[in-house]
Amino acid sequence: MRSRLPAPSFRALLVASGAIPVALGAAPALGQSQGVLGRDDAVFARELYRRGWADLAERLCDTIEKGGKVSPDAAVGVKALHLDLRLDLAKNEADPIKRKDLIKTVLQEKEDLIHQYPASKEAEEASNSLPDVYRTLGEAITVAIQKEANVGVVAQLQKEGEQFYSQAEQKLKTRIEEMADDHATPEKERVYVSLLYNLPRTLYYHSLLYPAGEWKKKDLLEKAILGFQQFGLDWQDTLLNYEGLVLTGLAEKELGRNEDALGDFDAAIALCERFDKDKDVYLLNAEAADTVSGAVLQKVLFRTELKDYAGAVAAARKFFTTVPDPYQTRLGLAILAAQADAQLAAGDAKAANEAAQKLVELDERGRWGAKGREIQAKLLGGAGGGQIDAANTLKIAGSLAGRDPERALQVCHQAIAAARGTDKEASVGVEGYLLIGSIFLQREPPWYFEAALAFDTAAERWPKAEKAPEAVYQSMLTYLHLNTEDKRPWFKKRADDRLKSLSTLYPNHLRAAYAQLADGTQLEAEGKFQEAAELYQRIQPGSAVYLEAQYRAGNAYFRLARKLCLEKKEGEAAQWVKQAETLLKKAQHDLEAAVKGTMDLETQSRYENTGFQARVALAQMYLLDCVNRPTEVLKVLEGVDDRYANDAEKLAAAWGFRISALEKQGKLDEAVALLDSLIKKDPESRAIGGAAGQVARALDKRADDLFKQGKARESDDQLKRAAVYYAMSGRGLAKSGTARASDIDVIANRLFALGLHFNEVPAEGLDSFVGWQASKMREPNLWKAAEELYSAALQLAPSYQNMIKLGRSLGFQGRFADATAVYGRLFDSEPIIDVNAKPPKSPFNGQLLRQKNELYLAYLEWGVAAEEAAPKEQDQTEMFVRAGTIFDNLVRIPEPTAKIFWHAKYHQIRNQMAQGKYPEAGRLMRDIERMNPELGAPAGLQNEFKTLKNDLSKKVFDGSTNGTKQGIEKK
């Protein structure tokens, strides 16, 4: 039983633990000149970072460094802050191995900083943060271990983690011994206390490397608990002691001591009692409240894990009623989310929805708002769905639209139904059908008829709703598109009717002004560019769409010039090039200037986008062969990187044009260097994905030209360079969050093909790892890169083709167990075998194979992968049986001349031999040889069958074994 502590002055307690932060006070503004930047600004940058303004902190650091005249103290502060910023970036890396390596680098640099500036405040802070870095490193290694199937790699990761934690613990012990008799000053005592706390803390995080039940884990946890208890005896009046109680509770929980763990969390929460109260609220300061929030969160999570939902909810609610500004604490929103989860698990839908809605209100665009909508989405599928009002149901549908469109459509209809008869019926109904229409248009190919129906429904059912004009406008655009693709009077009439509705029912709405552009859009769709441009130019300056009309006029003249250029009518094109250039340059200037003249965010965005489109049209025009002014492209794109720094698509387009311009001048290597400089300057730039793809394709084309000239070696050199940028492009697109699966798998396909080329996979084969030996692999990174991209594409959209290619990429790398798992998931969703088929009928689902004939070869690959993986699996028999079943099905086909048949027959016999079933293997060999003396010839497997037959001939069998007793070698 822990004794209750006396209540000294708590400010003294906080100072002793080093918990009082630097005050912002009168810190200098971000906009001050570089010449006066110094130590105070470095401190301010650090405080910005602590308060969550990492982007502002980074900008201020850059400004300080560019100033050139930085004091030594400020330089150390900036360096230390950059390390923390890099650590944040490393934590966001999706790949656990890469995350581990990035954290490892930051850790080493932090230790270097501590060594170089031992007396500095930054060194002290860095030293105090080391356990957090080690913890983060341990978590990355732990995640990597969980995701890694290769036992050898797992062992290596554990060894690496063990090495780092052991080094950290030894360093902490050494420093504690050095300071044991020398910590009389307040500064030294603060460092000494931190060291004593960080040692058991590091031991706890070290334990996370090992699975439950392992002796090493138990030993580390016991040592951590003992260390925290010893620390609490001497330093019970510090915040660190209460932080240690939370970690002690987590360690006790890992050891299965549930009551002790809950007692530790309660002891940490009792920190509240050290403060005065105002009615029911303890007057905690921010630092103490943060510590209490950590303890409460762990208590709520553990109570929920123990299925004590009432206890979990009670703990959370007590926190929110007794702690000041509870949602502003470090983990306040996390506690609210945990409370909602507990209420959801307990079946209290109403309370769970209230908590979820509170999360959305407090953090609408952040991770906790997303968590709230996730809980609400779960509630919609249960009995408590009626607890969520129609407007919020529609918001949930919007959050689902990108990742689960089918579910989003269902939720849209739920929202519209829920709003019926309420005062929100019109607004929810129109917005719901607008969302439904947009989801239909996002499909590949788009569902235009269905989208038009959705927009019409919204416009006709609720014509007085605020967004009804938008529905009319979207309907008009959709019918215009349908009329472009399929000339039908009815489509044109519907579009004209919508245009009339805009001008008569909503004459003052912005969309009515945009309707003025509709006729020009239709003329452009019909290829009547001059008429369209002239129509756009008739729109007067007072119109809300005047600036866009000027851009459209210039763009129409550009399209006319391009059409004439392609028809080799350069002379006629020249006048329209001049017209287009004049209008587009003016439109770009006017649009970008107009951005500064309005405070309306939607209008600003529209002007920004149209101004960029004007730049794009100019760049495209300068790149035309009949214009051939590539040097102008670079001028047109000046300032784009700063202006559109947060828009991945615009940045990628701009860099693509730059590279095209240099390539057109015969300066491809200069274009590559330009991209390399971007990567060096900003490795996280959103432009890298698109720009790297442009470079890769250019290098690929150069390689093709060299090959046609008979320069095979030089061609291969360029292909290898191209592969680097293809991989870079694919990863960039995958991280962008805006790419489509089809964009990524095109790149993956090229990397896969390059893998076939450089690993010398015979062209006359199956383009499969069947019949190919992984030991021949020379360039594994190409297939590894393809594997990563196929996985990324599958996360964006399901695709049986990409599942096959993923399994194939793994098979070529010799990772057969992983390939087997992928093919297993594939054929769970693609039932290739007709379970009702009886011999001699084919066992295969003929209808499915006619639609997806790639599955046939993939089925063979599944069997081969299972057979190759079996010897390394714990349950070899199951894997061998799975492979054997696949081969048995494949050899039942009626076409023994097919390559796949012969590969299946070869592996069927080989599989029996691998299990020691030599009599059965011998029977299969004799049967097939009687029917086909040229064993394996149709598939080029004569030598393989010859070797197999020779191996069988060395065995003798005991006929009484019925083919199950292992053969013995002939003497």
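Residues numbered from 1 in each chain as written. Predicted model: local features only at pLDDT ≥ 70, side-chain atom pairs only at ≥ 80, totals over all residues. Heavy atoms only, no water.

Helix and strand content of the chain: 44 helices and four strands. Once local pairs closer than 6 in sequence are excluded, the contacts in the chain between residues at least 24 apart make up 59%. When the accessible surface of the chain is split by element, carbon and sulfur atoms take 51% of a total near 48,500 Å². (Helix = DSSP H or I, 4+ residues; strand = E, 2+ residues; numbered from the N terminus. Contact = heavy atoms within 4.5 Å. Areas by Shrake-Rupley, 256 points an atom, 1.4 Å probe, with all protein chains shown as cover.)

Moving on to the state of the cysteines. Within the structure shown, the criterion is met by one disulfide. The residue that forms a disulfide with Cys 565 is Cys 626, at a sulfur-sulfur distance of 1.6 Å. On the sign convention where negative is left-handed, the bridge of Cys 565 and Cys 626, at about 55° about the S-S bond, is right-handed. Of this pair, Cys 565 sits in helix 26 (residues 546–566) while Cys 626 sits in the loop between helix 28 (601–622) and helix 29 (630–636), placing them 61 residues apart in sequence. On the basis of relative accessible area, Cys 565 is assigned to the buried category, the value being 9%. (Disulfide = S-S within 2.5 Å. Buried < 20%, exposed > 50% of the residue type's maximum accessible area, 1.4 Å probe, protein only.)

Across the interface, helix 40 (residues 854–869) lies against helix 41 (residues 876–890) with an axial gap of 8 Å and an inter-helix angle of 150°. As far as their axial angle goes, helix 41 and helix 40 are roughly antiparallel. Between helix 40 and helix 41 the crossing geometry is left-handed. Two secondary-structure elements touch here, helix 40 through Tyr 856, Tyr 859, Leu 860, Trp 862, Gly 863, Val 864, Ala 866, Glu 867 and Ala 869 and helix 41 through Met 879, Phe 880, Arg 882, Ala 883, Thr 885, Ile 886, Phe 887, Asn 889 and Leu 890. Here the residues of the contact of helix 40 with helix 41 sort into 13 nonpolar, three polar and two charged. (Axes fitted to C-alpha atoms, helices over the stretch in contact; angles between N-to-C directions. Parallel < 35°, antiparallel > 145°, perpendicular 65-115°, else oblique. Left-handed = near helix turned anticlockwise from the far one by under 90°. Nonpolar A, V, L, I, M, F, W, Y, C, P; charged D, E, K, R; others polar.)

So, about the packing of aromatic side chains. Within the structure shown, the criterion is met by 26 aromatic pairs. For the ring pair Tyr 204 and Tyr 205, a centre distance of 5.2 Å and an interplane angle of 65° mean the geometry is edge-to-face. This pair shows no difference in class: Tyr 204 is buried, exactly as Tyr 205 is. Aromatic rings pair up to connect Phe 752, Phe 769, Trp 772, Trp 783, Phe 812 and Phe 816 into one cluster. Here Arg 443 stacks its cationic end above the ring of Trp 447, 3.9 Å away from the centre of that ring. (Phe/Tyr/Trp six-rings, centres within 6.5 Å; stacked < 30°, edge-to-face > 60°. Lys NZ or Arg CZ within 6 Å of the ring centre and 35° of its normal.)

Moving on to helix 24 (residues 518–525). If you check which residues of helix 24 are buried, you get Ala 518, Gly 520, Gln 522, Leu 523 and Glu 524. Next to the buried residues of helix 24 lie helix 21 (468–485), helix 22 (489–505), helix 23 (510–514), helix 25 (529–537) and helix 26. The first or second residue beyond helix 24 is Gly 527, which carries a positive phi of 80°.

The tally for this structure, following the rule as stated, stands at 61 salt bridges. With its nearest N and O atoms 2.3 Å apart, the salt bridge here joins Glu 222 to Arg 257. Remark: Arg 257 occurs in the loop between helix 10 (239–254) and helix 11 (258–269) and Glu 222 occurs in helix 9 (residues 215–234); sequence separation between them is 35 residues. Its relative accessible area of 26% is what places Glu 222 among the partly exposed residues. Arg 702 is the partner of Asp 669 in a salt bridge, and the nearest nitrogen-oxygen pair spans 3.2 Å. Separated by 33 residues along the polypeptide, Asp 669 in helix 32 (residues 668–681) and Arg 702 in helix 33 (residues 688–708) bring together distant segments of the chain. Because the salt bridges share partners, they merge into one network encompassing Lys 100, Asp 101, Lys 104 and Glu 160. (Salt bridge = Lys/Arg side-chain N within 4 Å of Asp/Glu carboxyl O.)

Remark: helix 42 (residues 899–914) packs on helix 43 (residues 918–931), axes separated minimally by 7 Å, with the N-to-C direction vectors making an angle of 155°. Relative to helix 43, the element helix 42 lies roughly antiparallel. Crossing geometry of helix 42 relative to helix 43 is assigned as left-handed. Contacts between helix 42 and helix 43 involve Phe 901, Trp 902, Lys 905, Gln 908, Ile 909, Gln 912 and Met 913 from the first element and Tyr 918, Glu 920, Ala 921, Leu 924, Met 925 and Ile 928 from the second.

One finds Tyr 204, Leu 284, Val 292, Ile 436, Leu 584, Met 621 and Val 633 to be the most contacted residues of the largest nonpolar core, which totals 189 residues. The residues touching Val 633, leaving out its near neighbours within four places in the chain, are Ala 619, Tyr 622, Leu 623, Phe 657 and Ala 661. The next biggest cluster of nonpolar side chains, apart from the first, holds 99 residues, and it includes Leu 651, Tyr 726, Leu 848 and Leu 849. (Core = buried A, V, L, I, M, F, W, Y, C linked by side-chain atoms within 4.5 Å.)

Turning our attention to the environment of Thr 185. With respect to the helices and strands, the residue Thr 185 is situated in the loop between helix 7 (151–179) and helix 8 (186–207). Exposure remark for Thr 185: the relative accessible area of 35% places this residue in the partly exposed category. In terms of polar contacts, Thr 185 uses its side chain to reach the backbone amide nitrogen of Lys 188, at 3.2 Å. (Polar contact = N/O pair within 3.5 Å; in protein donor to acceptor, adjacent residues only side chain to side chain.)

Next up on the list: unusual backbone geometry. Geometrically, the link from Glu 444 to Pro 445 is a cis peptide bond, its omega value of -5° lying close to zero. Even without glycine at this site, Lys 568 takes up a positive phi of about 65°. Looking at the element boundaries, Lys 568 is found in the loop between helix 26 and helix 27 (570–595). At Glu 760, a residue that is not glycine, the phi angle is positive and equals roughly 55°. Looking at where Glu 760 falls in the secondary structure, it is placed in the loop between helix 35 (741–758) and helix 36 (780–796).

Interpreting fine coordinate detail is not advised for predicted regions of low pLDDT. Residues of the chain with pLDDT of at least 70 account for 88%, and the chain-wide mean is 82. pLDDT under 50 marks residues 958–971. Its contacts with residues more than four places away, or in other chains, come to 22 contacts. (pLDDT = per-residue confidence, 0-100.)

So, about the environment of Leu 208. By secondary structure assignment, the location of Leu 208 is in the loop between helix 8 and helix 9. Given a relative accessible area of 22%, Leu 208 falls into the partly exposed group. Between the alpha carbons of Leu 208 and Glu 254 there is a distance of 9.5 Å; along the sequence they are 46 residues apart. What Leu 208 contacts, discounting residues up to four positions off in sequence, is Thr 142, Lys 217 and Glu 254.

In this model helix 11 runs 17 Å from its N-terminal to its C-terminal C-alpha over 12 residues, within 8% of the 16 Å that 1.5 Å per residue would give. Burial in helix 11 covers these residues: Ala 261, Leu 262, Asp 264, Phe 265, Ala 267, Ala 268 and Ile 269. In this fold, the buried residues of helix 11 make contact with helix 10 and helix 12 (286–305). (Expected span 1.5 Å × (residues − 1).)

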